[in-house]
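Residue-level listing of the chains:
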Amino acid sequence: MSYNTKKVSIVIPAAGMGKRMNKDINKQYIELKGKAILAWTIERFDNNKYVDEIIIVAKEDEIDFCKENIIKKYKFKKVKDVVAGGNERRDSVFNGLKKVSENTGIVLIHDGARPFVTDEIINDAIKEALQNNAIVVGVPVKDTIKKVKEDNTIVSTPNRKGLWAVQTPQGFSYELILNCYNRGIEEDIEVTDDSMLVEYYGHSVKMIIGSYKNIKITTPEDVIIGEAFIK
Ligand SMILES: Nc1ccn([C@@H]2O[C@H](COP(=O)(O)OP(=O)(O)OP(=O)(O)O)[C@@H](O)[C@H]2O)c(=O)n1
Ligand SMILES: C[C@](O)(CO)[C@H](O)COP(=O)(O)O
């Protein structure tokens, strides 16, 4: 599949500190069933028939380790480059976007810490991004969500009906996401995902269904869960 005969590129931010994991190794390199989390994640995209290139964003001091122990070890074919990340996820994604080939049509941005993404979700994200220019993957929340003040006083309880837990991949036309990132970084807009920036600049973004298994490995409990259903 191509976007008007243009490429489908993937940016995988994997340059975080993993502070909430509270381990002495970066969570991307924790192994599930003997394989690093980041390797599982990259493999999903390297094996996808529509993906043309992959850009990995790693911590500056982990680039060589990543190249040797992940990219070379697992013989990934589509990884074009491993670039240095930044202080925030936003900065890391921007560094990755700048390395994407110019003739790219669609970019999917996917957390390195989400190794459970399926080929079906990837295909759906590419297809929907082709049609809608901007999409995010998510699932309807299962718990009641409350807005709480710093003194733990409950402010409000939004209607659960319209609330979704957002995941990745998040997919965009390359021109759109690069333009929003150029502006957002320049204006120092703080975001926790990529879609926020596209929404901030007034563009419509479509939600598509992901999977409750497409979790982000964030805290130690997630490793226990992940070990159970990685495959
Ligand atoms: N400066 C950063 C921060 C995060 N990420 C990546 O973005 C994804 C989602 O971020 P998160 O789960 O928050 O990772 P960390 O920031 O490492 O976690 P923590 O907040 O616990 O430190 C991860 O794959 C992480 O490696 C990144 O590339 N660059
Ligand atoms: C992008 C994301 O995974 C969507 O849920 C999430 O916002 C990343 O947040 P983090 O704090 O960088 O893990």
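Residues numbered from 1 in each chain as written. Chains lettered and ligands numbered in written order. Predicted model: local features only at pLDDT ≥ 70, side-chain atom pairs only at ≥ 80, totals over all residues. Heavy atoms only, no water.

Looking at an unreviewed UniProt entry, the protein chain carries the name 2-C-methyl-D-erythritol 4-phosphate cytidylyltransferase, with the source organism given as Anaeromonas frigoriresistens. Under Function (unreviewed entry), UniProt gives the following word-for-word description of the protein chain: "Catalyzes the formation of 4-diphosphocytidyl-2-C-methyl-D-erythritol from CTP and 2-C-methyl-D-erythritol 4-phosphate (MEP)." Quoted verbatim from the Catalytic activity (unreviewed entry) heading of the UniProt record, the comment on the protein chain is "2-C-methyl-D-erythritol 4-phosphate + CTP + H(+) = 4-CDP-2-C-methyl-D-erythritol + diphosphate". (UniProt positions renumbered as here; feature names shortened; annotations may be inferred.)

(A) Quick peek at the pattern of salt bridges. Taken as a whole and judged by the stated rule, the model has 12 salt bridges. Where Glu53 meets Lys7, a salt bridge forms, and the shortest distance between an N and an O atom there is 3.9 Å. Of this pair, Glu53 sits in strand S4 (residues 53-58) while Lys7 sits in strand S1 (residues 7-14), placing them 46 residues apart in sequence. In this structure, Asp46 engages Lys77 in a salt bridge whose closest nitrogen and oxygen atoms are separated by 3.1 Å. Of this pair, Asp46 sits in helix H1 (residues 37-46) while Lys77 sits in the loop between helix H2 (63-72) and strand S5 (79-84), and the two are 31 residues apart along the sequence. Here the residues in one salt-bridge network are Arg89, Asp111, Arg114 and Asp194, joined through shared partners. (Salt bridge = Lys/Arg side-chain N within 4 Å of Asp/Glu carboxyl O. Helix = DSSP H or I, 4+ residues; strand = E, 2+ residues; numbered from the N terminus.)

(B) Broad picture of the UniProt feature "site: Positions MEP for the nucleophilic attack" (unreviewed entry) in the protein chain. Residues given the UniProt feature "site: Positions MEP for the nucleophilic attack" (unreviewed entry) here are Arg160 and Lys216. Lining of the largest pocket among the annotated residues: Lys216. Structurally, Arg160 can be placed in the loop between strand S9 (154-156) and strand S10 (164-173). Residue Arg160 is classed as partly exposed on the basis of its relative accessible area, which comes to 40%. In contact with Arg160, other than residues within four places in its own chain, are Val141, Lys142, Asp143 and Thr144. Of the polar contacts made by the side chain of Arg160, one reaches the backbone oxygen of Lys142; its length is 3.2 Å. Looking at the element boundaries, Lys216 is found in the loop between strand S11 (206-209) and helix H7 (220-229). Take Lys216: its relative accessible area is 25%, and that puts it in the partly exposed class. Excluding anything up to four places from it in sequence, Lys216 contacts Arg20, Asp111, Ala113, Arg114 and Asp222. (1 Å grid on protein atoms, 1.4 Å probe; cavity = no way out; pocket = protein on both sides within 12 Å on 5 of 7 lines; lining within 4 Å. Buried < 20%, exposed > 50% of the residue type's maximum accessible area, 1.4 Å probe, protein only. Contact = heavy atoms within 4.5 Å. Polar contact = N/O pair within 3.5 Å; in protein donor to acceptor, adjacent residues only side chain to side chain.)

(C) Representation of the packing of helix H3 (residues 89-97) against helix H5 (residues 174-186) in the model. For the pair H3 and H5, interaxial distance at closest approach is 10 Å and the crossing angle is 130°. In terms of axis orientation, H3 runs oblique to H5. The crossing of H3 and H5 is left-handed. Residues Arg90, Asp91, Val93, Phe94 and Leu97 of H3 form the contact with H5, whose own contacting residues are Tyr174, Ile177, Leu178, Tyr181, Asn182, Gly184 and Ile185. Across the contact of H3 with H5, the residue classes tally to eight nonpolar, two polar and two charged. (Axes fitted to C-alpha atoms, helices over the stretch in contact; angles between N-to-C directions. Parallel < 35°, antiparallel > 145°, perpendicular 65-115°, else oblique. Left-handed = near helix turned anticlockwise from the far one by under 90°. Nonpolar A, V, L, I, M, F, W, Y, C, P; charged D, E, K, R; others polar.)

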